[in-house]
Amino acid sequence: TLGTDLIARGQEVIIHLSCKDWNRNALQSRGWELASGGFENVLCLSGDCPTSGYEGQAPGVFDIDSVALLKMFTDMNAGLEMPLRNGGRSKPMQHTSFLKGAVVNNFKLRENEVMPQYFKLAKKIDTGADFIINQLGYDARKQDELMKYMRHKGLDVPVLCNVYVLSGPASRFFNSVKIPGCLVTDELHEVCQKHAQSLDKGKAFFLEFAAKQVAIGKGLGYHGAYIGGHIQFDDYMRILDLTESFGED
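Residues numbered from 1 in each chain as written. Predicted model: local features only at pLDDT ≥ 70, side-chain atom pairs only at ≥ 80, totals over all residues. Heavy atoms only, no water.

Draft legend 1. Fine view of helix H8 (residues 203–220). Compared with an ideal rise of 1.5 Å per residue, which puts 18 residues at 26 Å, H8 spans 26 Å between its outermost C-alpha atoms and is within 8% of the ideal. Taken together, the buried positions of H8 are Phe 206, Leu 207, Ala 210, Ala 211, Gln 213, Val 214, Ala 215 and Gly 217. Positioned one or two residues after H8, Gly 221 has a phi angle of 110°, which is positive. (Helix = DSSP H or I, 4+ residues; strand = E, 2+ residues; numbered from the N terminus. Expected span 1.5 Å × (residues − 1). Buried < 20%, exposed > 50% of the residue type's maximum accessible area, 1.4 Å probe, protein only.)

Written out as structure tokens, the structure is:
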């Protein structure tokens with residue numbers, strides 16, 4: 001609903017699609033619905049297992065994963081042919097024009113944790129991912145590692161640096177590891193809580209911290225920043241202004 005309003009205002013919108021709630025048929029139907037509504041950017045996610053539901057925990061679907069979802073939208077862009085009961089195939093359906101995004105978590109610390117992420121990243125790009133957004137994180141060395149790995153392997157697609165603006169409560173939430181893959185270390189959490197005690201509840205610090213992340217991403221070769229967090233429009237503009245105030249190096 002919000003995306004429809006934004007498209008009417010001439011904005012670009014990225015719709016997140018997760019495989020945890022829908023089977024392949026439902027995801028395909030959702031794709032046709034989005035294409036009919038003028039949406040052309042999708043971020044294909046496997047998703048995390050549900051943790052709650054009506055009167056209990058809902059089961060995850062996971063009929064397909066993010067790689068297969070990317071393949072589905074790639075086929076839809078090419079003019080999808082559906083198998084028929086007699087063994088033949090239907091005429092190609094109308095072509096869609098999706099720009100397909102995928103994600104990677106480069107903040108895993110150990111080799112046996114992070115390498116599967118990179119192997120799957122290569123598979124996503126091979127299957128049709130047009131751009132990548134990494135998981136949120138707060139480690140500039142790991143941001144550098146992702147770009148170096150992609151250059152080393154010839155994975156030549158644009159990457160957006162995921163910058164989530166912290167706050168005192170957000171720091172506590174991520175530090176408690178309540179969202180899979182989203183981690184604020186004990187050391188960073190301590191710094192965040194210290195600044196959260198100030199009169200502005202750390203707002204100036206957190207906005208500058210986010211701006212530094214954007215600037216570092218820009219210097220490392222990221223093609224843009226995916227800025228999130230519970231902040232106002234003026235705060236986003238403040239982050240961008242601060243980013244421009246830093247030197248290129």
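Draft legend 2. Quick look at the pairing of strand S4 (residues 131–134). Alternating residues of S4 divide into Phe 131 and Ile 133 and Ile 132 and Asn 134, and every residue in both groups is buried. Sheet analysis places strand S3 (residues 99–104) next to S4, joined by four bridges and oriented parallel. Within the sheet, the bridge partner assigned to Val 103 lies in S4 and is Ile 133. A crossover connection joins S3 to the parallel S4 through helix H4 (residues 111–127); in handedness this β-α-β unit is right-handed. The pairing of S4 with strand S5 (residues 159–164) spans two bridges and is parallel. Each bridged residue has a counterpart across the sheet, and for Ile 132 the counterpart in S5 is Val 159. With helix H5 (residues 140–153) bridging S4 and the parallel S5, this β-α-β connection has right-handed handedness. (Pairing = 2+ DSSP bridges. Right-handed = clockwise from strand over helix to strand, strands pointing away.)

Draft legend 3. Looking closely at unusual backbone geometry. One non-glycine residue, Glu 55, lies in the positive phi region at around 55°. Mapping Glu 55 onto the fold places it in the loop between strand S2 (41–45) and helix H3 (66–78). Given the relative accessible area of 71%, Glu 55 is considered exposed.

Draft legend 4. Structural context of the pattern of salt bridges. The full count for this structure, using the stated rule, is 13 salt bridges. As a salt-bridge pair, Asp 144 and Lys 148 come within 3.0 Å of each other at their nearest N and O atoms. Taken as a pair, Asp 144 and Lys 148 lie in helix H5 at a separation of four residues, close to a single helical turn. Here the residues in one salt-bridge network are Arg 141, Lys 142 and Glu 145, joined through shared partners. (Salt bridge = Lys/Arg side-chain N within 4 Å of Asp/Glu carboxyl O.)

Honestly, that's just the spatial picture; any functional story needs more than this.
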